[in-house]
Amino acid sequence: QVQLVESGGGLVQAGDSLRLSCAASGRTFSSYTMGWFRQAPGKEREFVAAIMWRGGSTGYAENVVGRFTISRDNAKNTVYLQMNSLKPEDTAVYYCAAVIAPLWVTPGRAEYEYDYWGQGTQVTVSS
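Since the structure is predicted, the reported quantities are computational estimates derived from the model, not experimental observations.

(A) Structural detail: the state of the cysteines. Tallied over the entire structure, the rule returns one disulfide. Note that cysteine 22 is cross-linked by a disulfide to cysteine 96, the S-S spacing being 2.1 Å. Disulfide cysteine 22 to cysteine 96: torsion about the S-S bond roughly -80 degrees, handedness left-handed. One end of the pair, cysteine 22, is in strand E3 (residues 18-24); the other, cysteine 96, is in strand E9 (residues 92-100), with 74 residues separating them in the sequence. The burial state of cysteine 22 is the same as that of cysteine 96; both residues are buried.

(B) Representation of the pairing of E3. Of all seven residues in E3, five are buried, a share of seventy percent or more. Examined bridge by bridge, strand E1 (residues 4-7) and E3 share four bridges and lie antiparallel to one another. Pairing of valine 5 across the sheet is with alanine 23, part of E3. Looking at chain direction, E3 and strand E8 (residues 78-83) are connected through six bridges and run antiparallel. Note that in E8 the partner of leucine 18 across the bridge is methionine 83.

(C) Main features of the nonpolar core. Counting 37 residues, the largest nonpolar core has Leu4, Met34, Trp36, Val79, Leu81, Met83 and Tyr94 as the members making the most contacts within it. Listed by contribution, the elements that provide at least two residues to this core are E3, strand E4 (32-39), strand E5 (46-51), strand E7 (68-73), E8, E9 and strand E11 (121-126). Tallying contributions element by element places E9 first for this core, with six residues. Apart from residues lying up to four places away in sequence, valine 79 is in contact with Leu20, Ser21, Cys22, Phe29, Met34, Trp36, Ile51, Ile70, Ser71, Arg72 and Cys96.

(D) Layout of the side chain of threonine 78. Locating threonine 78 in the fold gives a position in strand E8. Polar side-chain contacts of threonine 78 include one of 2.8 Å to the backbone oxygen of lysine 76. Look past the residues within four positions of threonine 78 in its chain and what remains in contact with it is Ser21, Cys22, Ala23, Phe29, Ser71, Arg72 and Asp73.

(E) Main features of the pairing of E7. Alternating residues of E7 divide into Phe68, Ile70 and Arg72, all buried, and Thr69, Ser71 and Asp73, none buried. By the bridge criterion, six bridges tie E7 to E8 in an arrangement that is antiparallel. Bridging from a neighbouring strand, arginine 72 pairs with valine 79 of E8. Hairpin connection between E7 and E8: a loop of four residues separates the two successive antiparallel strands, and asparagine 77 in this loop has a positive phi of roughly 50 degrees.

(F) Inspection of the packing of aromatic side chains at higher detail. Under the definition given, this model contains six aromatic pairs. Pairing phenylalanine 37 with tryptophan 117 gives two aromatic rings, centres 5.0 Å apart and planes at 55 degrees, and the pair type is tilted. Separated by 80 residues along the polypeptide, phenylalanine 37 in strand E4 and tryptophan 117 in strand E10 (residues 116-117) bring together distant segments of the chain. The exposure class assigned to tryptophan 117 is partly exposed, which follows from its relative accessible area of 24%. Geometrically, the ring pair formed by tryptophan 104 and tyrosine 114 is edge-to-face, given 5.6 Å between the ring centres and 70 degrees between the ring planes. With tryptophan 104 in the loop between E9 and E10 and tyrosine 114 in the loop between E9 and E10, this pair connects stretches of sequence that are ten residues apart. Classification of tyrosine 114 by relative accessible area gives buried; the value is 4%. The rings of Phe37, Phe47, Trp104, Tyr114 and Trp117 are connected pair by pair, giving a single aromatic cluster. Above the plane of the ring of tyrosine 95 lies arginine 45, whose end atom (NZ or CZ) is 4.6 Å from the centre. The residue whose ring lies beneath arginine 45 is tryptophan 117, and the NZ or CZ to ring-centre distance is 4.0 Å.

Reading the values: the criteria
- Residues numbered from 1 in each chain as written.
- Predicted model: local features only at pLDDT ≥ 70, side-chain atom pairs only at ≥ 80, totals over all residues.
- Heavy atoms only, no water.
- Disulfide = S-S within 2.5 Å.
- Helix = DSSP H or I, 4+ residues; strand = E, 2+ residues; numbered from the N terminus.
- Buried < 20%, exposed > 50% of the residue type's maximum accessible area, 1.4 Å probe, protein only.
- Pairing = 2+ DSSP bridges.
- Core = buried A, V, L, I, M, F, W, Y, C linked by side-chain atoms within 4.5 Å.
- Contact = heavy atoms within 4.5 Å.
- Polar contact = N/O pair within 3.5 Å; in protein donor to acceptor, adjacent residues only side chain to side chain.
- Phe/Tyr/Trp six-rings, centres within 6.5 Å; stacked < 30°, edge-to-face > 60°.
- Lys NZ or Arg CZ within 6 Å of the ring centre and 35° of its normal.

So far we have only geometry, and geometry alone does not tell us how the molecule works.
This is the structure in C-alpha cells:
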C-alpha cells in the first residue's frame, strides 16, 4: 500500500507562485510514476502533470505548459509541482497520484491509470 500526502497549497494572488509537495510512503518510490491532477468546483478532475519512474520524462496539460514544472527527489520520496504565474482558473484541489512501475512509454494522463491517491491540497488564486 502506498500512502501519499500533499502539502503546500494556500491562497495566493494572480501572478504568484506556489510549490506543492507530495510525500510518498514505501521503499520503492523510484519505481513510482507520479502524477498531479486537480479538481475545480463543479468540474471533473483533470490531469495536470506527470513524471515517469524510469527516465524521468514528463508530461503536462496544455493549459499549464510553460508555467508548471513537475520534479521528483527519489532520496526524499517526494514529488513536487512548481506553479508559476498562477491564474484564478488554477484554483482547485490538487491531488497527487501514483502507479508502480507502469509499462508506459509516456506518462499517463488518465485517472484510471493511477492506483494510489492523496487527499488533496487546496490552491486558491485570487484576481
